[in-house]
Amino acid sequence: MEIENNLPKTFDSEGAENKWYQKWLDGQCFKPRKGKQNKTFTVLMPPPNVTGKLHMGHALDATTQDALIRYKRMKGFETLWIPGTDHAGISTQAVVEKLIYKQEKKTRHDLGREEFLKRVWEWKEQYGSEIVNQQKKMGVSCDWDYSTFTLDEAPNKAVKKFFVMLYNEGLIYQSDYIVNWDPILQSAISDAEVEHKEVKGFFYHLKYKVKEDPTIELIIATTRPETIFADSAVAVNPNDERFKDLIGKTAIVPICNREVPIIGDEHVDIEKGTGCLKVTPGHDFNDFEIGKRNGLPIINILNKDGSFNKNAPEIEGLKPKDARKKVEEILLELGELVEKKDHVHPVGHGERSDEIVEPMVSKQWFVNTTAMAEAAVKAVEDGDMTFFPKGWENTYFAWLRNPKDWCISRQLWWGHQIPVYYCKKCDHQWASEGDPTECIQCKDKDIFQDPDVLDTWFSSGLWPLSTLGWPDEKAMAEKRFEDFYPNSTLITGFDIIFFWVARMMMMGMKVTNKPPFQHVYIHAIVRDKQGRKMSKSLGNGIDPLDMVKQYGADAMRFTLAAGSGYNRDLNLDPERIEGYRNFVNKLWNAFRFVHPFLDKAKDELPVKSEWHLHDKWILAELNTVAKTMNEAMDVYRFDDACSEIYQFVYEKYCSWYIELSKNILYGNDEKAKVIRATMLKYCFRKIVTLLHPIVPFITEEIWGYLENEKSLLAVQEYVEFDPGLENTEVQEMMNKFIELTSGIRNIRSSVNMKPKDEIDVKLFTDDKRLAKFVYESRHFLKDLANVKSGTIRNKASEKPRRSASLATTHTEIFIPLEGIIDLNEQVNRIKKDMEKTQAEYKKVEAKLSNTNFMNNAPEEVRQEVKEKARLFQDKLTSLTQILESFQ
RNA sequence: GGGCGUUUAGCUCAGCUGGGAGAGCGCUACCCUUACAAGGUAGAUGUCGGGGGUUCGAUCCCCUCAACGCCCACCA
C-alpha cells in the first residue's frame, strides 16, 4: 500500500524557528499567567555585556534557563524570566574609546566627559541590542517587557538609594588606601579583578649601607629594584639573631641615598630572601601594612599611567620595564648590585587590560562588607538559599567568610557616577539620591559631584531588586515586586560566584532581609572537545549561531542540555551537535510516519479493555519517562532528562512501538487501526510535551500538526506521572519479547541470512505468560524479523536437532536450517555463549556457597542472587541440550 | 603556600544510601526493508589511575601515592 506523505524528509529547523518564535510572542506566551500551582517562578537572566556577541557560555545560559522556565510554565507556575543587558563599564568604554580614536584620532579627554558619554550612548543604541536578537534565535522565552539595562533609570535609582543608605550608616567610606592600579585603564580595580600569573623575572640582591657602622652592609632581596625610590624603611624580624641589634639604626637606600630607619616587624620571614626587607608602603600591599604599624611615610613614585614621577628623578617618565633596566645599570655602576638570578613569581594582572597592575596608594571609596557577608553566609548555612550542585557553596563560603572591604570607585566615565557631592566653599561632603543644586550645609551653589563611577558589580549586585522596580514604589507595584521577589532560581557559571552571586546575596539581604533567590544552579563552563577554554587567541571557539544555522537551534539546545548536569566542564564537540540534530530529525520522521494516520485518530484514549498489550506497554514506559523527567528537571539534572527521553524515543517508541504498529495500520481491521492511530497520536502528544522545554521549535511544529494549530504547546500542561498507567508485568513480558526477537535476529545474522529470507521459528519456554504474550504478538514477528511461521511449546517438547539455535534464560530458539548451515560454526557459537554463562554462574554460585555471605547479606540480596543462579542454570541446561543435539 | 575538583570503553561523560560495569559519539560486518542512509540489524572494546585498609562483598566508604585541572594567596 502506498501512503502519501507530503511532509519533507528532513526537518526544516530554520522555518520553524522563525515561525514559532513570532507566534509565541503574538500569543503572549512569555508573559506571567496564573496556573494551577498558584505560585510564581522567577528567573533572572545574568545580563550579558552590551558589547558582547553571543558565545557558547551565553548559549548554555540561555538553554538551561529557558528549559527550566518553559518546564515550570507548563507545570502551572506563574513564570517570569527577566532579561537585560549590562553596561559593562570598563569594556564598553574601552570599545568606544578605541573606535573614536581609530576614526577621529581623539581620546576621551579631547572630547570631554559629556560629549564622550553621548557617543557611548549612541554606540549602545546602535549595537547594544545585537546580543538580544541572538538570544532570540536560541528561542529564549523571557518577558521582553521586563527588559532592563543597568544604566536605565530604575537601576540608577536603586544604586543611588543603596549607596546613600550605606553611606549614611557609615558602611561606605573614603580612604587613602593601597589599591590595585591598572595603568591602562588608569583606574583602581577590585581584588577580584586581579588575575595572578606566573611571570619570569629576576631576584636582585642589593647592598644597603648602615649609617652608624659603614662596615656593615645589609643585603636585601627584591624583584622590583626600581621601587627603591619609594623605600621608607628596612625591616628585619625582631627575633632574627643576625640582625636584631641593628633595629633602631639607619640604613641608606642606594642611588637616592635616603636615610631610612631599620625597624623590627614580625611580618618579615627569617627564612625567605635574605631576611632583610625593603619597606615600600606606597607600592606594596604588605609594606603598606608595615608602614601603618610603624608610622612610616608613604612615598608615591608613580604617575597614573604607570610611569615614574619626579620622586624618582633618575627614571622619571620611564615605564616600569625600562625603569628596571635603568636602575639595574646604575646599581651595577655603583657596585650596589651583588647578585641577579632568574626567578619565577606570580604577578597581578588586570583582568580586562591584561597589564601588570601596580599597587598604588590613592583615595578610593570602599564598602565595609563584614556584616553583609556574615548574613549572606548564614542564609546558605540555614538553607534559605541552596546551591546546585551543593559543592559550590564551598567557593561561596571561602569568599564570604574572609571578607575584605570592597573598592567600589573606578576612575572611568561610563557608569553610575558616585552620588557624593562636595561644597567648594565650606568643604562639606554628603551623599544624595537626588540632584542637589546647593550645599546642604552652607547653601552655596558652588558644588560638584564626585567624578568617579561605581564598579559595575555594584549595580549588578542590585539586579534582582532593580529589575522589579525597587526602590520606586509605583514601579514596584507595576512590576509586581511582591509576587516575584525573591526570585526562584539563578542560573550562572561558577566563575562569577563571588563577583556576582555573593554580591547579590549581600545586597539583596541588606535591603529586604531575604536572599534574592532560593536556588542557585551553577552550570558548567563550555570548553572545546579537548577541554581547553574557548578563546580568541587559540581560535578554538565554536560560534553558537553558526551551529544554529547548520544544525538548528533545537539540536544546539539539546546538546547543551544533555551536557548539563552537575559537571563543571562541558567539552563540546560539534560532532555531538550533529548527533543530536540526527535525533531531532529522527523525531521528525517518526512524526512523518504517524502523520497520514492522524485523521483516523480519536482525541480520547479508548477504554482500557480495548488496549492491546503493546499499548499498555508503551503507555507504561511513557509514564516511567514522565516520572524520571519531572524528577530530573526539578533538581536541574538536564542531562538525565535528556538521556531519558532520547532513549525512549529511539529505543521504545521508534524501534518497537512504531514497528509493532505497521502490521495493524497497513492491515484491514478498521477498529484496530483507529485504536492504534489514537495511541500513536496520544503518545506523540506526550512526547512533544515532555521534550518541549528542551527543543521548543520542532515540538511546537509537530504540535501544530497534531492540534491543527488550535493551541500552542508552549502553554500546555506538562506530563505528570500517572499511577494508573503503571504495568510492570507487561513491561517485563515485553522485555523478554524484545530479547527473543533480538535472539532471532542474532541467529539470522550468524548464518549470514539476507533480510529478505523468510524463516520458520520454533520457540520453547515454560513461562506461560510469556508464551501467551508471544502468541498474541505472533503476527508482528514478520515485520520484526521476517518470521514466516513458527510454533511455541513448553521445554519438555521434542526439539529440532542440528538447528541454528540460541538460548536465553527463559526461552530456547530454534531455526531449523539443517543442511544449509555450517554446523561447526554453530557449535562454536553455542560453546562461546556457554563459557560466558558459566563464568557468570560461577560468580553467583561462589556467593551462595560462602557462609559469610549467607549469614551477613540481607535477605533481599540473597534472594536476588539465588534467582540469578537459577536463571543462569536454566540457560546452561538449555545450551547443554542444544550442544547435545549436534552430536 | 591554602582550598576545591578530576582520574570509568578510542573520545566525551553518567553511575543515587556499597550487592551482576553503562550511555552517546566513534569503530567492525551486513542491509537503500513502503517514517527516517541525518537510517536499520548484529557485533567488538574496560586489571573503573597505583597501593593499602574497612567489609561476606568496594567503581562507590577510609588512608596513602601519582597525574591533571581550577580557584584563592602580599610581586622579599
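Note that the coordinates shown come from a computational prediction; the quantities given were computed from them, not determined experimentally.

**Q** I'd like to hear about the overall build of chain A, residue by residue, with values.
**A** Tallying secondary structure elements over chain A gives 29 helices and 29 strands in all. Its C-alpha radius of gyration of 37 Å places chain A more than 25% over the 29 Å reference for a compact globule of 887 residues. Across the 887 residues in chain A, those meeting the buried criterion constitute 53%. In chain A, the proportion of contacts linking residues at least 24 apart, taken out of those at least 6 apart, comes to 77%. Put simply, chain A shows about 40,700 Å² of open surface, and 47% of that area lies on carbon and sulfur atoms.

**Q** Explain the pairing of strand E11 (residues 259–264) to me, and be specific about the residues and the numbers.
**A** As a general feature of sheets, a regular strand has side chains that alternate between the two faces. In terms of strand pairing, strand E9 (residues 233–236) meets E11 through three bridges, oriented parallel. Residue pairing across strands places Val236 opposite Gly264, the latter belonging to E11. Pairing of strand E10 (residues 250–252) with E11 involves three bridges; the strand directions are antiparallel. Bridge pairing in E11 links Ile252 to Glu259.

**Q** Which residues make up the protein's contact with RNA strand B, and what values go with them?
**A** In the region of RNA strand B, 65 residues are neighbours, and Phe203, Asn286, Arg581, Tyr666 and Phe872 sit closest. Considering the 4 Å shell around the protein, atoms of RNA strand B inside it are sugar or phosphate in 57% of instances. The contact in question runs from a phosphate oxygen of RNA strand B to an N or O atom on the side chain of Lys9, over 3.1 Å. With ten residues, helix H19 (residues 574–594) is the largest single contributor of residues to the surface near RNA strand B. Class assignment for the residues of the surface near RNA strand B results in 24 nonpolar, 20 polar and 21 charged.

**Q** Tell me about the sheet that holds strand E19 (residues 429–431), and please be specific about residues and values.
**A** Strands pair in a sheet through their backbones, by hydrogen bonds, and they do so in one of two ways: parallel or antiparallel. Strand order in the open sheet formed by three strands is E19-E18-E20, with antiparallel pairing between adjacent strands. Edge positions in the sheet fall to E19 and strand E20 (447–449), since each of these pairs with one other strand and no more. Strand-to-strand twist across the sheet, computed as the mean angle between neighbouring axes with direction ignored, equals 25°. Bridge count between strand E18 (residues 420–423) and E20: three bridges; the pairing is antiparallel. The residue bridging Tyr421 from the neighbouring strand is Gln449, located in E20. Packed onto the sheet, helix H7 (residues 153–169) meets E18 and E19 and runs at close to 130° relative to E19.

**Q** Please set out the environment of Pro346 residue by residue, giving values where relevant.
**A** Mapped onto the fold, Pro346 is located in strand E13 (residues 337–350). Here the alpha-carbon distance between Pro346 and Glu644, two residues 298 residues apart in the chain, equals 47 Å. The contacts of Pro346, once residues within four sequence positions are left out, are His196, Lys197 and Glu198.

**Q** Outline the side chain of Asn309, supporting the account with residue identities and numerical values.
**A** Note on placement: Asn309 falls in the loop between helix H8 (285–294) and helix H9 (320–334). Polar contacts involving the side chain of Asn309 include one to the main-chain amide nitrogen of Asn311, which spans 2.9 Å.

**Q** Give a description of H9 that names residues and reports values.
**A** Along its 15 residues, H9 runs 21 Å from first to last C-alpha, staying within 8% of the 21 Å computed at 1.5 Å per residue. Every buried residue of H9 is accounted for by Pro320, Ala323, Val327, Glu328, Ile330 and Leu331. Along its buried surface, H9 packs onto strand E7 (194–210), E13 and strand E14 (358–367). Where H9 ends, the next residue or the one after it, Gly335, has phi of about 75°, a positive value.

**Q** Account for the nonpolar core, naming residues and giving values.
**A** Counting 137 residues, the largest nonpolar core has Phe558, Tyr653 and Phe684 as the members making the most contacts within it. Counting residues per element, this core draws most heavily on helix H21 (residues 638–665), at 14 residues. Val159, Met372, Leu465 and Trp500 belong to the second-largest nonpolar core, a separate cluster that totals 61 residues.

**Q** Account for the packing of aromatic side chains, naming residues and giving values.
**A** Tallying each qualifying case throughout the model produces 50 aromatic pairs. Consider the rings of Phe202 and Tyr204, whose centres lie 6.2 Å apart with planes at 65°: the pair is edge-to-face. By relative accessible area, Tyr204 is classed as buried at 2%. Through successive ring pairs, a cluster of aromatic residues spans Phe11, Trp588, Phe591, Tyr653, Tyr657, Phe684 and Tyr705. The cationic tip of Lys136 hangs over the ring face of Trp144; the distance from NZ or CZ to the ring centre is 4.8 Å.

**Q** Go over the pattern of salt bridges with me, naming the residues and quoting the values.
**A** Within the structure shown, the criterion is met by 64 salt bridges. The residue Glu78 makes a salt bridge to Arg480 at a minimum N-O spacing of 2.8 Å. Here the residue Glu78 occupies a position in strand E2 (residues 78–82), and Arg480 occupies one in the loop between helix H14 (473–478) and helix H15 (481–484), the gap between them amounting to 402 residues. On the accessibility criterion, Glu78 (6% relative accessible area) is buried. Glu226 is the salt-bridge partner of Arg324, the closest N and O atoms lying 2.9 Å from each other.

**Q** I'd love a proper account of helix H29 (residues 859–885), names of residues and values included.
**A** At 3.6 residues per turn, the α-helix brings residues three or four places apart onto the same side. In a regular helix each residue adds 1.5 Å, so 27 residues correspond to 39 Å; H29 covers 39 Å between its end C-alpha atoms and thus fits that length. Of the residues making up H29, those classed as buried are Arg862, Val865, Ala869, Phe872, Lys875, Leu876, Ser878, Leu879, Ile882, Leu883 and Ser885. Each element contacted by the buried residues of H29 is listed here: strand E28 (804–807), strand E29 (811–815), helix H27 (823–848) and helix H28 (851–856).

**Q** Help me get a handle on the environment of Asp231, residues and values and all.
**A** Within the secondary structure layout, Asp231 lies in the loop between strand E8 (217–222) and E9. Owing to a relative accessible area of 0%, Asp231 belongs among the buried residues under this scheme. When the C-alpha positions of Asp231 and Lys278 are compared, they lie 6.4 Å apart, and in sequence the two are 47 residues distant. Residue contacts for Asp231: discarding those within four places in its chain leaves Tyr208, Val253, Arg258, Val260, Lys278, Val279, Thr280 and Ile299. In this structure the side chain of Asp231 is engaged in a polar contact, spanning 2.5 Å, whose partner is the side chain of Tyr208.

**Q** Can you lay out the sheet that holds E14 for me, pointing to particular residues and giving the numbers?
**A** If you walk across this open sheet you meet the four strands as E6-E5-E14-E16, and the pairing is antiparallel. Only two strands of the sheet have a single partner each, and these edge strands are strand E6 (187–189) and strand E16 (406–407). Sheet topology places strand E5 (residues 172–182) next to E14; ten bridges connect them, and they run antiparallel. Residue pairing in the sheet places Gln174 in a bridge with Trp365 of E14.

**Q** Could you give an account of the state of the cysteines, naming the residues involved and the relevant values?
**A** By definition, a disulfide links the sulfur atoms of two cysteines through a covalent bond. Under the criterion given, the structure shown has zero disulfides. Cys442 takes part in no disulfide bond, and the closest cysteine sulfur to it belongs to Cys423, at a distance of 3.5 Å.

**Q** Which residues make up the packing of H27 against H29, and what values do they have?
**A** Contact pair H27 / H29: the axes reach a minimum separation of 9 Å and the direction vectors enclose 155°. As summarised for this structure, H27 and H29 are arranged roughly antiparallel, according to the angle between their axes. The crossing of H27 and H29 is left-handed. Contacts between H27 and H29 involve Val827, Ile830, Lys831, Asp833, Met834, Thr837, Gln838, Glu840, Tyr841, Val844, Lys847 and Leu848 on the former and, on the latter, Val865, Lys866, Lys868, Ala869, Phe872, Gln873, Lys875, Leu876, Leu879, Thr880, Ile882 and Leu883.

**Q** Lay out the confidence of the model for chain A with the relevant residues and their values.
**A** The predicted model of chain A averages 90 in pLDDT, with 99% of residues at 70 or higher. Looking across chain A, the model is least confident in strand E24 (residues 525–528), with a mean pLDDT of 82, and most confident in E2, with 97. Note on the complex model: pTM 0.91, ipTM 0.93.

**Q** Which residues make up unusual backbone geometry, and what values go with them?
**A** That bond from Phe388 to Pro389 is cis: its omega, -10°, falls within 30 degrees of zero. Positionally, Pro389 belongs in the loop between strand E15 (386–388) and helix H11 (393–400). A cis amide bond, omega -5°, links Tyr485 with the succeeding residue Pro486. Among the structural elements, Pro486 can be located in the loop between H15 and strand E22 (487–493). The backbone phi angle of Gln186 is positive, close to 55°, even though this residue is not glycine. The topology assignment puts Gln186 in the loop between E5 and E6. For Gln186, a relative accessible area of 34% corresponds to the partly exposed category.

What counts, and at which threshold
Residues numbered from 1 in each chain as written. Chains lettered and ligands numbered in written order. Predicted model: local features only at pLDDT ≥ 70, side-chain atom pairs only at ≥ 80, totals over all residues. Heavy atoms only, no water. Helix = DSSP H or I, 4+ residues; strand = E, 2+ residues; numbered from the N terminus. Rg over C-alpha atoms; globule rule 2.2 N^0.38 Å. Buried < 20%, exposed > 50% of the residue type's maximum accessible area, 1.4 Å probe, protein only. Contact = heavy atoms within 4.5 Å. Areas by Shrake-Rupley, 256 points an atom, 1.4 Å probe, with all protein chains shown as cover. Pairing = 2+ DSSP bridges. Near = heavy atom within 4 Å. Polar contact = N/O pair within 3.5 Å; in protein donor to acceptor, adjacent residues only side chain to side chain. Nonpolar A, V, L, I, M, F, W, Y, C, P; charged D, E, K, R; others polar. Axes fitted to C-alpha atoms, helices over the stretch in contact; angles between N-to-C directions. Expected span 1.5 Å × (residues − 1). Core = buried A, V, L, I, M, F, W, Y, C linked by side-chain atoms within 4.5 Å. Phe/Tyr/Trp six-rings, centres within 6.5 Å; stacked < 30°, edge-to-face > 60°. Lys NZ or Arg CZ within 6 Å of the ring centre and 35° of its normal. Salt bridge = Lys/Arg side-chain N within 4 Å of Asp/Glu carboxyl O. Disulfide = S-S within 2.5 Å. Parallel < 35°, antiparallel > 145°, perpendicular 65-115°, else oblique. Left-handed = near helix turned anticlockwise from the far one by under 90°. pLDDT = per-residue confidence, 0-100.

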